[in-house]
Amino acid sequence: MDAIVAGDTAAHEAARPSLGVRAMVVEDEPDLADVISDYLQRRGFDVEISRDGAAAVAAARVQAPDVVVLDLGLPSVDGVEVCRRLRTFSDAYVVMVTARADEVDTLVGLSAGADDYLTKPFSPRELIARIEAMLRRPRRVVAEPEQTPLSAERRIGGLLVDPAGREVHVDGHPIMLTRTEFDVLELLSRRPGMVFSRNQLLGELWGPAWVGDPHVVDVHVGSLRRKLGDSATEGRFIRTVRGVGYRMGTGQDRR
Ligand code: CA
């Protein structure tokens, strides 16, 4: 509770009708999480609370929040890493909350992809004002169609990926993939056009504790491309982003 300005309670305001905006509060201090959540709810947000970094990423995949209030100091996975992982599949607005003002410069330097930063102690009113200002700004990226569930089939050019049945078809023909090849393809196909670094792919596939040569991803991508009917070094479906990693073609890319 020390992060809340005295007397600044949500009880003074009448609850507003739902905005249809999903907010996720990632905060391991239960009292603070409750106060922030209460404020957001009264302003009309639908709110979920997560108290752990890894759990927050998993929950965000299902809940697809529009806004994430993200504490920097969290158990298991810190806020910077949570933000990085969110950015592999989510365009949610992220406000990162830190305990120390002098950390903000460092955080910006880490370019984890947060949209705004707030230092504890802060007023919930200030937080809400920042969030409402962010929501009025157009997103940097081009607006995307309504988010589809991760289990839904994806068609990208001649490629069909069925995450539920773990099946892949190219131009109508079934393709047999190893588990890792399928997982790589499934991950890339969630967001056609979005670049995944080798480390991001490895982190998603084998967890954050994985250590080793990130170029092991290239081996799996090479064999995946061959099975999809492409050369091992470049493909119609999986594009190389030099020096970074890979992205799924959007189906309209030129060779
Ligand atoms: Ca904390």
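The rules behind the values
Residues numbered from 1 in each chain as written. Predicted model: local features only at pLDDT ≥ 70, side-chain atom pairs only at ≥ 80, totals over all residues. Heavy atoms only, no water. Helix = DSSP H or I, 4+ residues; strand = E, 2+ residues; numbered from the N terminus. Buried < 20%, exposed > 50% of the residue type's maximum accessible area, 1.4 Å probe, protein only. Areas by Shrake-Rupley, 256 points an atom, 1.4 Å probe, with all protein chains shown as cover. Pairing = 2+ DSSP bridges. Contact = heavy atoms within 4.5 Å. Expected span 1.5 Å × (residues − 1). Donors = N, O, S within 2.8 Å, 3.2 Å for Na, K, Ca; no water. Polar contact = N/O pair within 3.5 Å; in protein donor to acceptor, adjacent residues only side chain to side chain. Phe/Tyr/Trp six-rings, centres within 6.5 Å; stacked < 30°, edge-to-face > 60°. Lys NZ or Arg CZ within 6 Å of the ring centre and 35° of its normal.

Draft legend 1. Molecular detail of the overall build of the protein chain. A count of helices and strands for the protein chain gives 8 helices and 12 strands. Taking all 255 residues of the protein chain together, 46% fall into the buried category. Summed over all atoms, the accessible surface of the protein chain reaches about 13000 Å², with 53% contributed by carbon and sulfur.

Draft legend 2. Representation of the pairing of strand S3 (residues 67-71) in the model. Across the 5 residues that make up S3, a large majority, 5, are buried. Residue alternation in S3 divides its side chains into two sets, Val-67, Val-69 and Asp-71 and Val-68 and Leu-70, and both sets are buried. Relative to S3, strand S1 (residues 22-26) runs parallel, the two sharing 4 bridges. If you follow Met-24 over to S3, its bridge partner there is Val-68.

Draft legend 3. Looking closely at the side chain of Asp-116. Take Asp-116: it is sitting in strand S5 (residues 116-119). On the basis of relative accessible area, Asp-116 is assigned to the buried category, the value being 18%. Leaving out residues up to four positions away in the same chain, Asp-116 has contacts with Val-94, Val-95, Met-96, Arg-130 and Met-134.

Draft legend 4. Main features of helix H1 (residues 30-42). An ideal rise of 1.5 Å per residue puts 18 Å on 13 residues; H1 measures up with 18 Å between its terminal C-alpha atoms. Inspection of H1 places Leu-32, Ala-33, Val-35, Ile-36, Ser-37, Tyr-39 and Leu-40 among the buried residues, and these make up the whole buried set. Looking at the buried residues of H1, the elements they touch are S1, strand S2 (46-50), S3 and helix H5 (124-136). Gly-44 sits one or two residues past H1 and shows a positive phi near 100°.

Draft legend 5. Molecular detail of the coordination of the calcium ion. In the first shell of the calcium ion, the protein supplies Asp-28 (OD), Asp-71 (OD) and Gly-73 (O), at 2.1 to 2.4 Å from the metal. Here the donor residues of the calcium ion are spaced in sequence according to D-x42-D-x1-G. Asp-71 gets classed as buried once you look at its relative accessible area, which sits at 5%.

Draft legend 6. Structural detail: the environment of Glu-126. Mapped onto the elements of the fold, Glu-126 is located in helix H5. The class of Glu-126 is partly exposed, set by a relative accessible area of 35%. Within the local environment of Glu-126, its side chain forms a polar contact with the side chain of Arg-130, the two groups lying 2.8 Å apart.

Draft legend 7. Summary view of the packing of aromatic side chains. Enumeration over the complete set of coordinates arrives at 0 aromatic pairs. Over the face of the ring belonging to Phe-89 we find Arg-61, whose NZ or CZ atom lies 4.1 Å from the ring centre.

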